[in-house]
Amino acid sequence: MSSLIDLHQQLEGMRPALLRFALLQLRNQNAAEDAVQETLLAVLEKPDSFAGQSSLRTYVTGILKFKIIDHIRSLKREVALDTSDDESETDLIDSLFKANGHTVNMPAAWGEPESTLQQKDFFRVLEICLENLPEKTARVFMMREWLELDTEEICKELGLTTSNLWVVLYRARLRLRECLDLNWFGNH
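What you are looking at is a predicted structure, and each value in this text was computed from that prediction instead of being measured. (Residues numbered from 1 in each chain as written. Predicted model: local features only at pLDDT ≥ 70, side-chain atom pairs only at ≥ 80, totals over all residues. Heavy atoms only, no water.)

Q: For the side chain of Thr137, give the residues involved together with the corresponding values.
A: As for its position among the elements, Thr137 is in helix H6 (residues 135-145). For Thr137, a relative accessible area of 14% corresponds to the buried category. Those residues in contact with Thr137, other than ones at most four positions away along the chain, are Val168 and Ala172. (Helix = DSSP H or I, 4+ residues; strand = E, 2+ residues; numbered from the N terminus. Buried < 20%, exposed > 50% of the residue type's maximum accessible area, 1.4 Å probe, protein only. Contact = heavy atoms within 4.5 Å.)

The following block contains the structure:
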């Protein structure tokens with residue numbers, strides 16, 4: 001029980017820095033607070049998910065980055081409806097449709113379903129290729145390319161020299177290229 005209290009205290013200590021980071025990315029106080037709250041809640045709901053392979057701060061920041069990305073992506077899907085003072089939300093929604101029930105503006109094209117499916121398949125193959133990398137190599141690659149951590153932070157976190165980090169990244173990219181050439185590009 002004390003470890004959960006300790007975790008809660010550590011997270012509370014990180015909260016101001018996490019909020020500053022989220023606010024820099026989202027530029028909206030409410031959205032930043034929501035992202036931080038969702039992050040802290042995710043950590044507290046599954047405290048055993050933190051395996052201790054990185055610092056708690058790096059782990060929580062990684063979760064926050066995904067929460068921020070999710071929020072940014074949701075903004076692209078959602079359109080805010082602005083109502084004027086004399087117009088209700090119902091009137092605004094009604095203005096989007098013709099009298100016969102059809103929309104005033106046709107929806108945008110959804111693209112090619114086949115290419116979307118191929119893209120999902122590609123990422124499945126990439127994930128398999130990543131799983132086949134040595135654990136440390138995959139971790140370094142993910143920290144650099146997915147979490148976008150800088151060189152200094154990765155070196156500090158994993159106890160690597162800068163030159164060692166670049167060698168590991170180079171080898172990871174070579175192995176991923178080889179794996180994708182064999183398992184994706186060779187088949188298409």
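Moving on from the coordinates now.
Q: Go over the state of the cysteines with me, naming the residues and quoting the values.
A: Under the defined criterion, the tally for this structure stands at one disulfide. Cys129 shares a disulfide with Cys179; S-S distance 2.0 Å. Given an S-S torsion of about -80°, the disulfide between Cys129 and Cys179 has left-handed geometry. With a gap of 50 residues between them, Cys129 in helix H5 (residues 113-131) and Cys179 in helix H8 (residues 162-183) connect regions that are remote in the sequence. Cys179 matches Cys129 in its accessibility class, with the two residues each being buried. (Disulfide = S-S within 2.5 Å.)

Q: Break down the layout of surface pockets for me, citing the residues and quoting the values.
A: Taken as a whole, the largest pocket holds about 1000 Å³ of empty space. Taken together, 36 residues make up the lining of the largest pocket; nearest its centre are Gly62, Phe66, Met142, Trp146 and Leu147. When residues of the lining of the largest pocket are traced back to their parent elements, those giving at least two are helix H1 (2-26), helix H3 (56-77), H5 and H6. (1 Å grid on protein atoms, 1.4 Å probe; cavity = no way out; pocket = protein on both sides within 12 Å on 5 of 7 lines; lining within 4 Å. Points joined across faces, edges and corners; volume = space filled by probe spheres on them.)

Q: Which residues make up the pattern of salt bridges, and what values do they have?
A: Scanning the model with the defined rule gives two salt bridges in all. A salt bridge links Glu145 to Arg173; its shortest N-O distance comes to 2.4 Å. In this pair, Glu145 sits in helix H6 while Arg173 sits in helix H8, placing the two residues 28 residues apart along the sequence. Classification of Glu145 as partly exposed rests on a relative accessible area of 35%. Accessibility expressed as a relative area gives 35% for Arg173, which makes it partly exposed. Residues Asp181 and Arg177 are paired through a salt bridge, measuring 3.9 Å at the closest nitrogen-oxygen approach. With Asp181 and Arg177 both in helix H8 and four residues apart, the pair spans about one turn of that helix. (Salt bridge = Lys/Arg side-chain N within 4 Å of Asp/Glu carboxyl O.)

Q: Explain the packing of H6 against H8 residue by residue, including any values.
A: Contact geometry of H6 with H8 gives a least axis separation of 9 Å together with a crossing angle of 95°. The angle between H6 and H8 falls in the class roughly perpendicular. In contact with Thr137, Val140, Phe141, Arg144 and Glu145 of H6, H8 contributes Leu165, Trp166, Val168, Leu169, Ala172, Arg173 and Leu176. Class assignment for the residues of the contact of H6 with H8 results in eight nonpolar, one polar and three charged. (Axes fitted to C-alpha atoms, helices over the stretch in contact; angles between N-to-C directions. Parallel < 35°, antiparallel > 145°, perpendicular 65-115°, else oblique. Nonpolar A, V, L, I, M, F, W, Y, C, P; charged D, E, K, R; others polar.)

Q: For the nonpolar core, give the residues involved together with the corresponding values.
A: Formed by 24 residues in total, the largest nonpolar core has its most connected members in Val140, Leu165, Leu176 and Leu180. Contributing elements (two or more residues each) for this core: H5, H6, helix H7 (151-158) and H8. Top contributing element to this core by residue count: H8, with seven residues. The contacts of Leu180, once residues within four sequence positions are left out, are Phe122, Val125, Leu126, Cys129, Phe185 and Gly186. Judged by nonpolar contacts, the second largest core, of 18 residues, contains Ala22, Ala32, Ala35 and Val43. (Core = buried A, V, L, I, M, F, W, Y, C linked by side-chain atoms within 4.5 Å.)

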